[in-house]
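Residue-level structural notes
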Amino acid sequence: MDAVHEKLKVIAPATGEQIGEIEETPVSQVGSIYHKGRTAFQVWSKLQIGERLKYLKKLKEIMVEEMEVVADIIAADTGKVVTEALIADIMPTLDSIDHICKHAENILNRKKVTTPILLIGKRSYIEYMPRGIVLVISPWNYPLQLAMVPMISALASGNTVILKPSEVTPLVGKCIEDLFRKAGFPEGVVQIAHGGKEVGAAFTKGRPDYIFFTGSVRTGKIIQEAAAKELIPTTLELGGKDPMIVFKDAHLERAAKGAAWAAFTNSGQVCMSAERLYVEKEVYSKFISLLKKEISELRQGTDRNADVGSMTFPAQVQIVKDQLEDALGKGAVLETGVPPEEWQNGMFLPLTVVTNVNHRMKIIQEESFGPILPIIPFETEEEAIRLSNDTVYGLNASVWSKDIQKARRVASKLISGAVVINDAIISVANHGLPFGGTKQSGIGRYHGDAGLKIFCHEKSIVEDRGRKKTEIHWYPYEDKYPMFLTLFKSYFKAKRNWLQFAKSYLSILKKS
Ligand code: ADP
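Every chain begins its residue count from 1, and numbering advances along the sequence as written. Confidence filtering applies because this is a predicted model: local features only for residues at pLDDT of at least 70, side-chain atom pairs given and counted only at 80 or more, and all residues used for totals across whole chains, interfaces and linings. Think of the side-chain values as coming from all heavy atoms in the structure, minus any hydrogens and water.

**A closer look at the site of the ligand**
Filter applied, for reference: Distances are taken per atom, and a residue is near a molecule or strand as soon as one of its heavy atoms is within 4 Å of it. Within 3.5 Å is the distance limit for a polar contact, defined as a pair of N or O atoms, with the added protein rule that one can donate a hydrogen and the other accept it, and that residues adjacent in sequence qualify only through two side-chain atoms. Note on areas: these come from Shrake-Rupley sampling with a 1.4 Å probe, and a residue is covered only by the protein chains present in the view. Strands here mean DSSP runs of E at least two residues long; helices mean DSSP runs of H or I at least four residues long; both are numbered from the N terminus. Note that Gly is not counted as nonpolar here; it falls among the polar residues with everything else outside the nonpolar set of Ala, Val, Leu, Ile, Met, Phe, Trp, Tyr, Cys and Pro and the charged set of Asp, Glu, Lys and Arg.
Not every one of the 20 residues close to the ligand is listed here, only the nearest: Ser138, Lys164, Glu167, Ser216 and Thr219. Measuring from an oxygen atom of the ligand, one finds a side-chain N or O atom of Trp140 at 3.0 Å. Within the complex, the protein chains bury 85% of what would otherwise be the 550 Å² of accessible surface of the ligand. Taken together, the elements giving at least two residues each to the shell around the ligand come down to α7 (197–204), β8 (210–214) and α8 (217–229). Looking at the shell around the ligand, the element that brings in the most residues is α7, giving four residues. The residue makeup of the shell around the ligand, split by class, is eight nonpolar, nine polar and three charged.

What follows is the structure, encoded as structure tokens:
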């Protein structure tokens, strides 16, 4: 143990008050933390899956008991409103435990697959073997869910876990550590490394068996590069610039209400929030008036009834400001909100709708992660699809229309990890659906079956009873070539010739 440990001051973004202090994990401990994780793996990985799930059920029980305390910690640490801490951080985490407890055994059990007749007499199956130590590196926007869901999945699959939570929301990292400790997980099965990017980088270099990263595209690329050097497999859950397409035949009041929520929930700091809104020209003006009315009724604050909280990460305010200045400088028009030079309310940014924008502006091409919503009119279905696909991202999207055939047709053409029809974001709330991005939104999927399988070596096993002396494909090859020709031709011909197949098989067998 190092004598002097760095302390992280924890400032509540909504109030600016110091609300705690967290001891950083010294990077000199990387080796011993990995050693502890590997030792624990020897026992944890050998437990029956049902035994491992008992710990997860206990964890769930504790989270249910402490739900309000956990919600308050998340709200204080992030600035998000407490209702969102509950519905978007705690609920999906609990639901993932439920889903995993219900399905893990079935997903990870040995599976028999059919064996082709050419491998006569053998059996084939797949086994799922835990990988070892999984390093989870998580962000600050949904600091509980985006850390705990991959952790829980990796643990259920038989791995041990090291979590490096975001230094921007360290109290939630501490809260996760406490929850796992209270659930009584065996020593070394779950370890938390607190600290910033240096700590993250040091653990990335510590040779984990898998890295599960959620965060920015920039950091994702750094981690992928480091992982590539050791051929460490990764999942990267990165950003999004999610389009929302509103057709003229949509329920416009619903779409306007949905747009206000999808754009401003979590102050827009959501990789799956509505970040670009495309509205069919005929209803463009009407839709904007409906949206403005919705927004005028939203309440920003920290009290229990507030709708929109503060920004979480001070540096993010500048990014949002730059994007808006760039757009306004190029002719964009503010429909709601005020120009950035008039922003006064610290980490509470005005809920901003911008029109007269185009695809050359940063506000359309770069992830905003703030309460800012640019709107563009479109004339045809093809144009809406083309514009939606025109960014480097592809995480989520939404299509709004009462014509369900049209909505499905458009959904199928969007290059996106997920699409929601007549709602937004909520595909993430169904743990049975795979979650992940296309293009620069990431690599890999989790949730659903994939969420457990990625943390395992998928092992193919072919089994022979071992009673025959030899096999037809073994040596000697003498005279077998023409017989194999006949065998394969009779087998692979459009109309299989079973008689010829059986004859040539027996003749090769005699030769073997
Ligand atoms: P965000 O701003 O969305 O949190 P980042 O990608 O900066 O995105 O951070 C996500 C997580 O990655 C945080 O836990 C952060 O400490 C960690 N991190 C940042 N840089 C590195 C790095 N070079 N190596 C490993 N982890 C890092």
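**Here we look at the sheet that holds strand β5 (residues 133–137)**
Just so we agree on the cut-off: A strand pair is defined by DSSP finding two or more bridges across the two strands. Only heavy atoms enter the contact rule, under which two residues are in contact if any of them lie within 4.5 Å. Axes, fitted as lines to C-alpha atoms, cover a helix only where it is in contact. Angles between the N-to-C directions of the axes lie from 0 to 180 degrees.
The strand order across the open sheet formed by six strands is β7-β6-β5-β8-β9-β17, and the pairing between neighbours is mixed. For this open sheet the edge positions go to β7 (190–192) and β17 (442–443), each flanked by a neighbour on one side alone. In this structure, strand β9 (residues 234–237) lies alongside β17, joined through two bridges in antiparallel fashion. Each bridged residue has a counterpart across the sheet, and for Glu237 the counterpart in β17 is Gly442. Sitting on the sheet, helix α1 (residues 30–44) touches β5, β6 (160–164) and β7, and the angle it makes with β6 is about 145°. Its contacts with the sheet place α7 against β5, β6 and β8, and it is angled at close to 155° to β5.

**A few points about the pattern of salt bridges**
Counted only if it meets this: In the sections that follow, a salt bridge refers to a side-chain nitrogen of Lys or Arg positioned within 4 Å of a carboxyl oxygen of Asp or Glu. Throughout, exposure labels follow a simple rule: accessible area from a 1.4 Å probe, protein chains only, divided by the maximum for the residue type, with under 20% read as buried, over 50% as exposed, and the rest as partly exposed.
With the rule as written, the count across this model stands at 28 salt bridges. When the shortest N-O distance is used, the salt bridge between Glu230 and Arg207 registers 3.4 Å. Within this pair, whereas Glu230 is found in the loop between α8 and β9, its partner Arg207 is found in the loop between α7 and β8, the two being separated by 23 residues in sequence. What makes Glu230 partly exposed here is its relative accessible area of 40%.

**Remarks on the domain arrangement of the chain**
For the record, the criterion: In this document the domain limits rely on a domain assignment from an automatic tool or a database.
For the chain, the domain assignment lists domain 1 (49–238 + 448–458), domain 2 (243–430) and domain 3 (470–511). Each of domain 2 and domain 3 has a C-alpha centre, and these two points are 64 Å apart.

**Describing a nonpolar patch on the surface**
Where we set the bar: Grouping into patches uses exposed residues only, defined as over 30% relative accessible area, and leaves out salt-bridged ones; the cut-off is 9 Å for like charges and 5 Å for nonpolar side chains (Val, Leu, Ile, Met, Phe, Trp, Tyr).
Together, Ile117, Ile120 and Trp498 give the surface a local cluster of nonpolar side chains, amounting to about 260 Å² of exposed area. Summarising the element assignment, Trp498 is placed in helix α17 (residues 498–511).

**Things to note about unusual backbone geometry**
Pro476 follows Tyr475 through a cis peptide bond whose omega is -5°. You can see Pro476 is positioned in the loop between β18 (456–464) and α16 (480–492). Phi is positive for Lys439, which is not a glycine, with a value near 45°. Among the secondary structure elements, Lys439 is positioned in the loop between β16 (420–421) and β17. Relative accessible area serves as the criterion here: at 37%, Lys439 is assigned to the partly exposed category.

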